[in-house]
Amino acid sequence: MGIVISLVLIAFGAILTWGVNASGGSVDVNVVGVVLMVVGLIVFLISLVLWRTWWGAGFWRPWYDEPASRPIRRRGYRPAVRRTTYVEEETPPPPPAP
């Protein structure tokens with residue numbers, strides 16, 4: 001979730017910095033865009049540092065083998081459904097008469 005938010009902040013900051021031409025007013029839009037890009041980059045780096053598994057931070061077990069004081073979330077996978085084919089054997093037809 002943090003990576004998505006950081007990418008949205010970076011994109012919004014880039015739009016404000018390079019896509020908006022606004023003059024006047026008390027707030028400089030370019031500065032706000034640069035600040036949003038820097039905050040987005042910092043959030044992205046923090047998300048990468050705290051990322052522990054490919055499924056997300058802390059998804060499979062607690063940190064450092066701590067006893068689990070709360071239930072551990074797990075992804076629920078449905079097992080593959082095996083298809084069974086039933087073949088009914090019939091008696092073979094009699095051989096043709098010569």
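Residues numbered from 1 in each chain as written. Predicted model: local features only at pLDDT ≥ 70, side-chain atom pairs only at ≥ 80, totals over all residues. Heavy atoms only, no water.

Draft legend 1. View of helix 1 (residues 2-19). Taking 1.5 Å per residue as the helical rise, helix 1 with its 18 residues ought to reach 26 Å, and the 25 Å between its terminal C-alpha atoms agrees with that figure. Those residues of helix 1 not exposed but buried are Ser 6, Gly 13, Leu 16 and Thr 17. Taken end-on, helix 1 shows its buried residues confined to a sector of 95°, consistent with a single buried face. Across helix 1 from its buried face, at more than 90 degrees, point the exposed residues Val 4, Val 8, Ile 15, Trp 18 and Gly 19. As for helix 1, its buried residues are in contact with helix 2 (29-50). (Helix = DSSP H or I, 4+ residues; strand = E, 2+ residues; numbered from the N terminus. Expected span 1.5 Å × (residues − 1). Buried < 20%, exposed > 50% of the residue type's maximum accessible area, 1.4 Å probe, protein only. Arc of directions from axis to C-beta. Contact = heavy atoms within 4.5 Å.)

Draft legend 2. Spatial organisation of the side chain of Ser 6. Residue placement: Ser 6 occurs in helix 1. Ser 6 gets classed as buried once you look at its relative accessible area, which sits at 0%. In this structure Ser 6 touches Gly 40, Val 43 and Phe 44, once residues within four positions along its chain are discounted.

Draft legend 3. Representation of the packing of helix 1 against helix 2 in the model. One can describe the packing of helix 1 onto helix 2 by two numbers: an axis separation of 7 Å at closest approach and a directional angle of 160°. As the angle between them shows, helix 1 and helix 2 are arranged roughly antiparallel. Crossing handedness for the pair helix 1 and helix 2: left-handed. A breakdown of the residues in the contact of helix 1 with helix 2 according to their chemical character gives 17 nonpolar, 8 polar and no charged. (Axes fitted to C-alpha atoms, helices over the stretch in contact; angles between N-to-C directions. Parallel < 35°, antiparallel > 145°, perpendicular 65-115°, else oblique. Left-handed = near helix turned anticlockwise from the far one by under 90°. Nonpolar A, V, L, I, M, F, W, Y, C, P; charged D, E, K, R; others polar.)

Draft legend 4. Region of the structure containing the side chain of Ser 47. When you line up the elements, Ser 47 lands in helix 2. Given a relative accessible area of 14%, Ser 47 falls into the buried group. Those residues in contact with Ser 47, other than ones at most four positions away along the chain, are Gly 2 and Ile 3.

Draft legend 5. Just helix 2, in detail. Between its terminal C-alpha atoms helix 2 stretches 31 Å, which fits the 32 Å expected from 22 residues at 1.5 Å a residue. Those residues of helix 2 that fall on the buried side of the exposure criterion are Val 29, Gly 33, Leu 36, Met 37, Gly 40 and Ser 47. The buried residues of helix 2 occupy an angular sector of 100° when the element is viewed end-on, so they sit on one face. Facing away from the buried side of helix 2, by more than 90 degrees, are the exposed residues Val 49 and Leu 50. Buried residues along helix 2 sit in contact with helix 1.

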